[in-house]
Each structure stands twice: as structure tokens, then as C-alpha cells.
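So you can see what is in the structure, the chains are spelled out below.
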Amino acid sequence: MQTDSYRHKGMRRALVKLLRDKGIRDERVLAAMETVPRHYFFDKAFLEQAYQDKAFPIGEGQTISQPYTVAFQSELLQLRATDKVLEIGTGSGYQCTVLLHLTPHVYTIEYNRPLFEKARLFFRKHGLSPHTFHGDGSQGLPAHAPYDKIIVTAGAPVVPKELLRQLSIGGILVIPVGDEQTQKMLRITRVAESEFTKEEFNDFKFVPLLGRSGWDNLG
Ligand code: SAM
């Protein structure tokens with residue numbers, strides 16, 4: 001069983017200070033990131049890397065997102081404790097664990113079978129209970145829609161229409177969209193049944209979103 005020592009807690013405090021300095025303002029997000037032991041998501045050999053503000057390989061050609069990216073996307077979601085949120089791209093399970101500190105109603109879907117199995121085991125071992133699914137999240141998760149919030153943690157070539165359809169009225173989709181090199185972070189709000197507003201933020205670099213509305217069809 002991994003331990004969470006004073007040293008780890010100190011490194012998390014320093015990371016959260018860095019996130020503040022980089023402009024993250026949502027105190028609930030910062031508190032969640034100060035609470036979740038990011039080193040639990042790393043193999044023992046790489047523990048030193050856990051509290052650097054960097055993405056890191058998690059196997060299967062995928063990455064655990066950079067802490068700043070996790071904080072930025074979480075902040076854009078404006079999560080309330082009653083929100084039902086869908087995460088597309090479970091990966092290591094770190095972003096999902098941060099979300100669980102903001103609302104208990106978290107659904108998460110992963111396309112890669114070994115990563116899905118590993119994350120599911122992790123959640124079970126740590127007594128966490130998001131609703132976990134294996135499948136193509138580029139189509140959302142229609143069986144449990146609508147969602148108040150949807151977060152996509154892989155870079156998409158387009159905004160999948162299926163995700164817009166699965167948002168509740170007033171709901172928010174946060175998704176990086178662009179080419180394979182860089183993606184612009186978008187926040188799309190469903191203001192009425194068929195009316196959406198779009199805000200654009202900074203450029204990021206994500207691994208590609210695969211599946212029917214991802215790079216599988218376009219790349
Ligand atoms: N949220 C993750 C974390 O905290 O570790 C970061 C995930 S990584 C940047 C992106 C993840 O999206 C990968 O695990 C990848 O397998 C997954 N992915 C890619 N296309 C997907 C799809 N169509 N549906 C679900 N997951 C997908």
C-alpha cells in the first residue's frame with residue numbers, strides 16, 4: 001500500500017502554490033489537488049516526477065495530464081457538488097479522482113482496455129466509486145445522459161455532436177480541439193435546447209482522442 005508522507009504533502013503544497021501563481025483561482029479545485037496524492041498514480045520508480053508540473057507516460061502510449069491542465073479544465077467546468085459529470089479518457093484515474101472531490105456523481109469512460117482495467121482496480125483499492133465504463137467516449141455515454149458537465153481529456157479534431165446532445169440545458173462541455181500538434185481549449189455552454197455559446201482559451205497538447213468522432217476516422 002502506498003503511503004502519503006509529510007514530504008509528499010509538502011510537495012503538493014508547493015505544486016498548488018505554483019498552480020495559483022499560474023492563475024488558477026478556484027479554491028475548491030486547488031483544495032482537491034492539494035488533497036489527492038498524485039504519486040499514487042505513478043509507478044514506484046517514477047515517484048520523484050509526481051509533483052512536477054508535467055504530463056507523464058502511464059503506458060499504452062498514453063499520459064497522465066499535467067497538473068496545470070487538470071486544474072485549468074476542472075476550473076472551467078465550474079462544478080457544483082450536485083453536478084453529474086462525464087469524463088472522457090479515464091487514463092490513470094487522476095483527473096477523475098480530483099473530480100470526485102468536487103462532486104460524487106462522476107462517470108468516466110476509457111477506450112483502452114488495459115488502462116480501463118488498471119484504473120478500475122485503482123478506484124476499488126482506494127474506496128473510490130466513480131461509474132467506470134470501457135468504450136468509445138467520442139460518442140459520449142448516451143445511456144446515462146444528460147450530464148451537467150462533460151470534460152474531454154484527449155485532443156479532438158472536431159467537437160463531437162453526440163457530446164453536445166448529451167449536455168443538460170445550462171450544461172458545460174470542456175474540450176481541447178485542434179490538429180495533432182496543438183489544441184485550443186474550448187468551453188461550450190448549452191444555453192437553450194438548440195443554442196450553444198463557445199469560449200476559446202489557451203493552446204494545449206493532448207494525446208489524440210480516438211474513436212468514431214476522433215482521429216480514428218480522420219487521422
Ligand atoms: N484523464 C487522464 C488522467 O487523469 O490520467 C488523462 C488521460 S490521457 C491524456 C487521455 C486518455 O484518453 C487516454 O487514456 C486515452 O486512452 C483516452 N482516450 C482516447 N480516445 C478515447 C475515446 N474515444 N474514448 C475514451 N477514452 C479515450
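Calculation rules
Residues numbered from 1 in each chain as written. Predicted model: local features only at pLDDT ≥ 70, side-chain atom pairs only at ≥ 80, totals over all residues. Helix = DSSP H or I, 4+ residues; strand = E, 2+ residues; numbered from the N terminus. Buried ≥ 20, exposed ≤ 12 C-beta atoms within 10 Å, placed from the backbone. Near = placed C-beta within 6 Å. Pairing = 2+ DSSP bridges. Axes fitted to C-alpha atoms, helices over the stretch in contact; angles between N-to-C directions. Contact = placed C-beta atoms within 7 Å. UniProt positions renumbered as here; feature names shortened; annotations may be inferred. Core = buried A, V, L, I, M, F, W, Y, C linked by C-beta atoms within 7 Å. pLDDT = per-residue confidence, 0-100. Parallel < 35°, antiparallel > 145°, perpendicular 65-115°, else oblique. Left-handed = near helix turned anticlockwise from the far one by under 90°. Nonpolar A, V, L, I, M, F, W, Y, C, P; charged D, E, K, R; others polar. Right-handed = clockwise from strand over helix to strand, strands pointing away.

## Structural notes on unusual backbone geometry
Point 1. Ala-145 connects to Pro-146 through a cis peptide bond whose omega is 5°.
Point 2. Of note, the phi angle at Glu-60 is positive, near 60°, even though the residue is not glycine.
Point 3. Along the chain, Glu-60 turns up in the loop between β1 (56–59) and β2 (62–64).
Point 4. Among the residues examined, Glu-60 registers 15 C-beta atoms within 10 Å and is labelled partly exposed.
Point 5. If you check the backbone angles, Gln-78 has positive phi at about 50° while not being a glycine.
Point 6. Relative to the elements of secondary structure, Gln-78 occurs in the loop between α3 (67–77) and β3 (84–88).
Point 7. Given 17 C-beta atoms within 10 Å, Gln-78 falls into the partly exposed group.

## With respect to the site of the ligand
Point 1. Taken together, 26 residues are adjacent to the ligand, and Gly-89, Gly-91, Gln-95, Gly-137 and Gly-211 come closest.
Point 2. Residue assignment for the shell around the ligand shows that the elements contributing at least two residues are β2, α4 (94–100) and β4 (105–110).
Point 3. No other element matches the 3 residues that β2 contributes to the shell around the ligand.

## Regarding the sheet that holds strand β8 (residues 183–192)
Point 1. Spatially, β5-β4-β3-β6-β7-β8-β9 is the arrangement adopted by the 7 strands of the open sheet, whose pairing is mixed. At either end of the open sheet lies a strand with only one pairing partner, and these are β5 (131–134) and β9 (195–204). On average, each strand axis in the sheet is inclined to that of its neighbour by 15°, with strand direction left out of account.
Point 2. Bridging between strand β7 (residues 167–178) and β8 involves 7 bridges; their strand directions are antiparallel. By the bridge assignment for β8, Val-177 is matched with Lys-184.
Point 3. Along the sheet, helix α5 (residues 113–125) contacts β4 and β5; its crossing angle with β5, the most-contacted strand, is approximately 165°.

## Overview of the UniProt feature "active site" (unreviewed entry) in the protein
Point 1. The feature "active site" (unreviewed entry), as given by UniProt, occupies Ser-65 in the numbering adopted here.
Point 2. Along the chain, Ser-65 turns up in the loop between β2 and α3.
Point 3. Classification of Ser-65 by C-beta neighbours within 10 Å gives buried; the count is 24.
Point 4. Apart from the residues within four sequence positions on either side, Ser-65 is in contact with Ala-55, Val-70, Gln-95 and Thr-153.

## What to know about the nonpolar core
Point 1. Among the nonpolar cores identified, the biggest contains 51 residues, and Met-33, Val-85, Ile-150, Val-152, Leu-173 and Val-174 are the most heavily contacted of them.
Point 2. Broken down by element, this core gets its largest block of residues, 6 residues, from β7.
Point 3. With residues up to four places along the chain from it excluded, the contact list for Val-174 reads Gln-73, Leu-76, Leu-77, Ile-151, Met-185 and Arg-187.

## Focus: the confidence of the model for the protein
Point 1. Put simply, the protein has an average pLDDT of 96, and 99% of its residues get 70 or more.
Point 2. Model confidence for the complex: the whole-complex pTM is 0.97, and ipTM, which rates the interface, is 0.99.

## Some details on the packing of helix α1 (residues 6–21) against helix α2 (residues 27–35)
Point 1. Viewed as axis vectors pointing N to C, α1 and α2 meet at an angle of 155°, and their least axial separation amounts to 9 Å. In terms of their interaxial angle, α1 and α2 are classed as roughly antiparallel. Crossing handedness for the pair α1 and α2: right-handed. In this structure, α1 contributes Arg-12, Arg-13, Val-16, Leu-19 and Arg-20 to the contact, and α2 contributes Leu-30, Met-33 and Glu-34.
Point 2. A breakdown of the residues in the contact of α1 with α2 according to their chemical character gives 4 nonpolar, no polar and 4 charged.

## Quick word on the pairing of β3
Point 1. Within β3, 4 of the 5 residues are buried, leaving the element largely enclosed by the surrounding structure.
Point 2. Across 5 bridges, the pairing between β3 and β4 is parallel. For Val-85, the partnering residue across the bridge sits in β4 and is Val-106.
Point 3. Taking the sense of rotation as the criterion, the β-α-β connection linking β3, α4 and β4 turns out right-handed.
Point 4. Inspection of the sheet shows β3 paired to strand β6 (residues 147–152) by 4 bridges, in the parallel sense. Residue pairing for β6: Ile-88 is matched across the bridge by Val-152.

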